[in-house]
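Fold and geometry: a report
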Amino acid sequence: MSEDKVRSIDGATVELLEKARKENISTAFTRADEIKPCPIGIEESCCKICAMGPCRLPRSKKDVAKERKGVCGATIDTVVARNFARKIAAGAASHSDHAREVVETFIKTARGKAQEFVIKDEIKLLAVALDFGIAIEGRDIKDIAIELGEKALKEFGKQHGELIYISKAPLKRQEIWRKYGVVPRGIDREVVEIMHRTHMGVDQDYRHIIQQATRTALADGWGGSMISTDLQDIMFGTPVPVLGRINLGVLKEEQVNVIVHGHEPLLPELLVVASRDPEIKALTEKAGAKGINLAGMCCSANEVLMRHGIPCAGNFLQQELALVTGAVEVMTVDVQCEMQGLQSVAECFHTKLITTSDRAKIEGALHIEFHPEDGLDTAKKILKMAIENYPNRRHAVYIPDHSQDIVAGFSHETINYLLGGLFRASYRPLNDNIINGRIRGVAGVVGCNNVRTPHDEGHITMIKELIKNDVIVLTTGCAAMACGKAGLLTPEAAQQFAGSGLAEVCEAVGIPPVLHLGSCVDNSRILIAATAMVKEGGLGDDISDLPAAGAAPEWMSEKALAIGQYFVASGVFTVFGTTWPTLGSENVTKHLFEEYEEMYKGMWAYEPDHEKAAQLMIAHIDKKRKALGLEKARERVLFDMAMRRALE
Ligand code: MSK
């Protein structure tokens, strides 16, 4: 038990790890103990892109590989840059392939060929259509939507020119990207070009390789991810603040529990509809259950939470533990962040693991493919299987008594509205409160869990430090869920955890000090929020001028690296924890950590101590405040607060 306490700061996780250990069930936590990270792989000093190697060139063995070169003569700088670029290609490809699925479903929806799906947010449709240069005057909504879908699809296969959304960035940022030749031409083209340039014997200049990695990352953040967020909002509704509950305690012993896990919100949306169907409700009663309990896991959870208030069972490292409760009848998985270990855990219980995407199967799992044409029928079929499986529970159910209220769903549009009101929606109050010093700055804290660092601890340590110092936090993905479990996503958290300036603003507006903006692809919402702050005025003329910083303290996926790279290239100082994948090359690390500040005015940092990482972010925010001439304002406000306390 005491050992598990250091594996996670979350009570539900600790309890279920203990249960798994007693029952001899293998989880990511136990497998991590059995497999130590490869010391050469962790610094990316290994090249295996041809069959003359693998060439291992670790920092510790300079004598073995003189001058640290591979058989072909590739330097360690080339090797590390190639490995880094390939990870970014994989991350960008993941978000963008998700986006492609969304766009194709969007077109079918617009043509009336997607079962149950409709265009829900017509206002956002018109706004996005204008971004794409589509005429809207006097046209039918359906025609506009079809044209938008087709234009969005072309962004993937475009060979020349610039991605359309690049023009949404501040003008100064666009100029920087053009100067360094990193404006993406087409989403797929950039990913393919990385794979070509990192093939044996092609691009062998580390700065040139990293340049293409940057262009590909921008094709993700200002391309695939942004398209995905926008079209999902148009189809399923732009999120507004919604009350939900989070953690494994949301599972219900006397109900049929169905968990949706993964990333694409398509089937999950229909599972929500199907779970409310009278036929399904009647079948549930007949099976002796007190209802169907739909819950989410990872980013699928974020999607259905922020649009429907569906409870969230947990984040990345809780996926296997959800099944260890013995209470889950069905878990559906589509793409990304689904551990293969789920199937072995499912086999210890009655749980059916169902893969639903044509791009992802898991050996041993059932495969029921989602297609928009008959998506609702598929959703009902899955729920019927779950109901039939309810009487098959083989073990005593154990659901930890841990769950917590959260408020989620702060889209860019909602923040705009909350701050300014319906008729004068704007970021002015946020900018004003940064200028007057009540809010010191803004931080985006996002990303995964990583079993090599205590579960959720990095997110919570960092975020508590930030909000205590009056930095408002925008969060997505598994970081957002960690915040929810720790009670940081309620308006009351402002009084409990935030500094006096931030708490005052949160209380006036009625928002938490940490705003849940959605899933991994919704990091694009943070880019748009930052751009809106620049356009509002008073905080410089580029994202890099803002008193802002980013972080992923518990990152593990290649998607996180792509996200970090597009944040850095958009002008944001970005700190990663856990480990850093270019440590094998001093030159590549220096390029990303120092030269990038010269070029892009944003740069990477690596700091595994989460409190120190928060301090780095605060120091950067203060540096930007000083450059804007705002340090005096903050001193004055602090003085006012001190005076007020003295009066009290
Ligand atoms: S799910 S990419 S573990 S945030 Fe988006 Fe969480 Fe990271 Fe997957």
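Above this text is the structure in question.
None of the values given here were measured: they were computed from a predicted structure. (Residues numbered from 1 in each chain as written. Predicted model: local features only at pLDDT ≥ 70, side-chain atom pairs only at ≥ 80, totals over all residues. Heavy atoms only, no water.)

**As for the site of the ligand**
For the ligand, the set of nearby residues contains 13 residues, the closest of which are His263, Cys299, Cys337, Cys478 and Cys520. Taken together, the elements giving at least two residues each to the shell around the ligand come down to helix H12 (298–308) and helix H19 (477–485). Considered class by class, the residues forming the shell around the ligand number 8 nonpolar, 4 polar and 1 charged. When residues of the shell around the ligand are assigned to domains, at least three map to each of domain 3 (242–392) and domain 4 (418–647). (Near = heavy atom within 4 Å. Helix = DSSP H or I, 4+ residues; strand = E, 2+ residues; numbered from the N terminus. Nonpolar A, V, L, I, M, F, W, Y, C, P; charged D, E, K, R; others polar. Domains from an automatic or database assignment.)

**Here we look at the sheet that holds strand S11 (residues 441–445)**
Here 6 strands make up an open sheet; going across it, the order is S13-S12-S11-S14-S15-S16 and the pairing parallel. Looking at strand neighbours, the two that pair on one side only are strand S13 (514–518) and strand S16 (604–606), the edges of this open sheet. Within this sheet the neighbouring strands show an average axis-to-axis angle of 25°, counted without direction. Where strand S14 (residues 548–552) meets strand S15 (residues 573–576), 4 bridges bridge the pair, whose relative direction is parallel. For Ala552, the partnering residue across the bridge sits in S15 and is Phe576. Packing of helix H22 (residues 523–536) onto the sheet brings it into contact with S11, strand S12 (471–476) and S13, and relative to S12 it is tilted by some 145°. (Pairing = 2+ DSSP bridges. Axes fitted to C-alpha atoms, helices over the stretch in contact; angles between N-to-C directions. Contact = heavy atoms within 4.5 Å.)

**Observations regarding the pattern of salt bridges**
Taken as a whole, this structure holds 50 salt bridges when the rule is applied. Notably, a salt bridge pairs Asp230 with Lys124, separated by 3.1 Å at the nearest N-O pair. Separated by 106 residues along the polypeptide, Asp230 in helix H9 (residues 206–236) and Lys124 in helix H5 (residues 122–131) bring together distant segments of the chain. Residues Asp230 and Lys124 agree in their burial class; the two are buried. Counted as one network, the salt bridges with shared partners bring together Lys124, Asp230, Asp233, Glu303, Arg307, Glu413, Asp522 and Arg525. (Salt bridge = Lys/Arg side-chain N within 4 Å of Asp/Glu carboxyl O. Buried < 20%, exposed > 50% of the residue type's maximum accessible area, 1.4 Å probe, protein only.)

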